[in-house]
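# Architecture and fold: a report
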Amino acid sequence: MNQSERIRHCIARRAARELKDGDVVNLGIGIPTLVSDYIPPDVTIHLHTENGMLEVGPSPPPGQADPLLINASRQPISELPGASYFDSGLSFAIMRGGHLDATVIGALQVSQKGDIASWAIPGETILGVGGAMDLVVGAKRVIVATTHQTKDGQPKILPECTFPLTAREEVDVLVTEHAVFRFVKGKMILVEIGDHLSLEDLKSITPAEYEIHSQLAVVNRWEGVR
């Protein structure tokens, strides 16, 4: 696994810890699709995929994928006992109707108020917003799983988003390879930092304003990444 993949798995593993036993959860495209591989065996999560399936299982072993079973990212998935299938209309009714306990979604930018931009970069080809707006407004908890910076080192966590918004003030938790932030009453709070960098290092790559929790956790972010 190269460093880029290690970072993606590090983020997914930590995001998986935000899910609660019994949750009905949608996993967005990109890093969030890896979350299913890090759900603890003693925790039951009912995974929903936007293209019409409930009770999604972990990624199938190499050579054992069913070509008819894919998620919204067109990646092979497995099914758990009791899995059900439905059309796009019912899938979006689940998303819009408040039936999801949580969604784990990627982002291009997140603001210090919890705004999220996840679907368009000005000047580049736009593929469409997909179900992102429905997910972040309809889910009871919004967990953003994203790298702390872009591939060319530009910040993603900003005072204000500069890209077209997906939604305003809907983010509850932000997980990156460096830190975990929670959003409470319009404030961004640092609750966890990796032991591989200092508070000063983190601030230097995070233009957004945030408070530091009085019981800030300092952790090894790479332990358990497979």
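Everything in this summary refers to the structure shown in the same document. This one's a predicted model, so the numbers in the text were calculated from it and none came from an experiment.

## Side note on the sheet that holds strand 6 (residues 109-111)
Neighbouring strands of a sheet are bound in pairs by backbone hydrogen bonds; such pairs are parallel or else antiparallel. One open sheet holds the three strands; their spatial order is 7-6-9, and the pairing between them is mixed. Strands with a single pairing partner mark the edges of an open sheet, and in this sheet they are strand 7 (116-117) and strand 9 (157-158). Bridge count for strand 6 against strand 7 is two bridges, and the pairing is antiparallel. Within the sheet, the bridge partner assigned to Val-110 lies in strand 7 and is Ile-116.

## Observations concerning the side chain of Thr-49
Its place among the elements puts Thr-49 in strand 2 (residues 46-49). Apart from residues lying up to four places away in sequence, Thr-49 is in contact with Asn-26, Val-56, Asn-71, Ala-72 and Ser-91.

## Comments concerning the side chain of Arg-141
Mapped onto the fold, Arg-141 is located in the loop between helix 3 (132-138) and strand 8 (142-145). Among the polar contacts made by the side chain of Arg-141, one reaches the main-chain carbonyl oxygen of Glu-18 at a distance of 3.0 Å. Those residues in contact with Arg-141 that lie beyond four places of it in its chain are Glu-18, Lys-20, Asp-23, Asp-101, Ala-102, Thr-103 and Asp-172.

The rules behind the values
- Residues numbered from 1 in each chain as written.
- Predicted model: local features only at pLDDT ≥ 70, side-chain atom pairs only at ≥ 80, totals over all residues.
- Heavy atoms only, no water.
- Pairing = 2+ DSSP bridges.
- Helix = DSSP H or I, 4+ residues; strand = E, 2+ residues; numbered from the N terminus.
- Contact = heavy atoms within 4.5 Å.
- Polar contact = N/O pair within 3.5 Å; in protein donor to acceptor, adjacent residues only side chain to side chain.

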